[in-house]
Amino acid sequence: MGNPTPFVTQGRIPRSPSPGGPNQTRIALEVNGATRQSSDISKLIWNIGEIIEHLSALWTLGPGDLIFTGTPEGVAAVNRGDLMVGRIDGLGELRVKLD
């Protein structure tokens, strides 16, 4: 499906106030303005600290690195032209437009 589309955040994603990241906060995905996924990070199988601990044992993680985990219910196909907006309460959003 062609080259990956670069993404741009609106502003800087702030550092989490807790060392392991937020462990009870909303995470959501909108596609073209409609909520596709909405859940709480506390429902992850492993908490944020455990995920960071495991990954940092295998790779060097640095500021600005993004960790993609899994996905809550609501998975569905996206198409060219779709605008996806991912949000984590208190941390900001990530916008991706599929070209």
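**Student:** In this structure, what is going on with the overall build of the protein? I would like to understand it.
**Tutor:** Helix and strand counts for the protein stand at one helix and five strands. Ordering the α and β elements of the protein from the N terminus gives β-β-β-α-β-β. Looking at the protein residue by residue over its 99 residues, the buried ones come to 19%. Put simply, of all contacts in the protein between residues at least 6 apart along the chain, 54% involve residues at least 24 apart.

**Student:** Help me out: how do you make sense of the side chain of Thr25 in this one?
**Tutor:** With respect to the helices and strands, the residue Thr25 is situated in the loop between strand E1 (8-9) and strand E2 (26-31). With relative accessibility at 11%, the residue Thr25 sits in the buried group. Among all residues touching Thr25, those that are not within four sequence positions of it are Ser39, Asp40, Ile41, Ile88 and Asp89.

**Student:** What am I meant to see in unusual backbone geometry here?
**Tutor:** The phi angle of most residues is negative, glycine excepted, and most peptide bonds adopt the trans form. You will see that Asn32, though not glycine, has its phi angle at about 55°, which is positive. In this fold, Asn32 is placed in the loop between E2 and strand E3 (34-40).

**Student:** Explain the environment of Asp99 to me, please; I cannot follow it from the model alone.
**Tutor:** Along the polypeptide, Asp99 turns up in the segment after strand E5 (92-97). Spatially, the C-alpha atoms of Asp99 and Asp82 are 8.0 Å apart, while their sequence positions differ by 17 residues.

**Student:** Explanation requested: the pattern of salt bridges in the structure shown.
**Tutor:** Should the charged atoms of two oppositely charged side chains come close, the side chains can pair. For the coordinates displayed, the defined rule picks out three salt bridges. A salt bridge links Arg87 to Glu93; the nearest nitrogen and oxygen atoms lie 3.1 Å apart. Classification of Arg87 as partly exposed rests on a relative accessible area of 28%. Assessed through its relative accessible area of 17%, Glu93 is described here as buried. Among the salt bridges present, the one from Arg95 reaches Glu93, with a minimum N-O distance of 2.8 Å. For Arg95, a relative accessible area of 28% puts it in the partly exposed group. Several salt bridges converge on common partners, so that one network encompasses Glu30, Arg87, Glu93 and Arg95.

**Student:** I'm lost on the environment of Glu73 in this one. Help?
**Tutor:** Residue placement: Glu73 occurs in the loop between helix H1 (48-58) and strand E4 (83-88). Each C-alpha atom of the pair Glu73 and Ser38 lies 7.9 Å from the other, and the pair is 35 residues apart in sequence. Not counting residues up to four positions away in its chain, the partners in contact with Glu73 are Arg36, Gln37, Ser38 and Ser39.

The rules we used
- Residues numbered from 1 in each chain as written.
- Predicted model: local features only at pLDDT ≥ 70, side-chain atom pairs only at ≥ 80, totals over all residues.
- Heavy atoms only, no water.
- Helix = DSSP H or I, 4+ residues; strand = E, 2+ residues; numbered from the N terminus.
- Buried < 20%, exposed > 50% of the residue type's maximum accessible area, 1.4 Å probe, protein only.
- Contact = heavy atoms within 4.5 Å.
- Salt bridge = Lys/Arg side-chain N within 4 Å of Asp/Glu carboxyl O.

The values reported here are purely geometric and, on their own, carry no functional implication.
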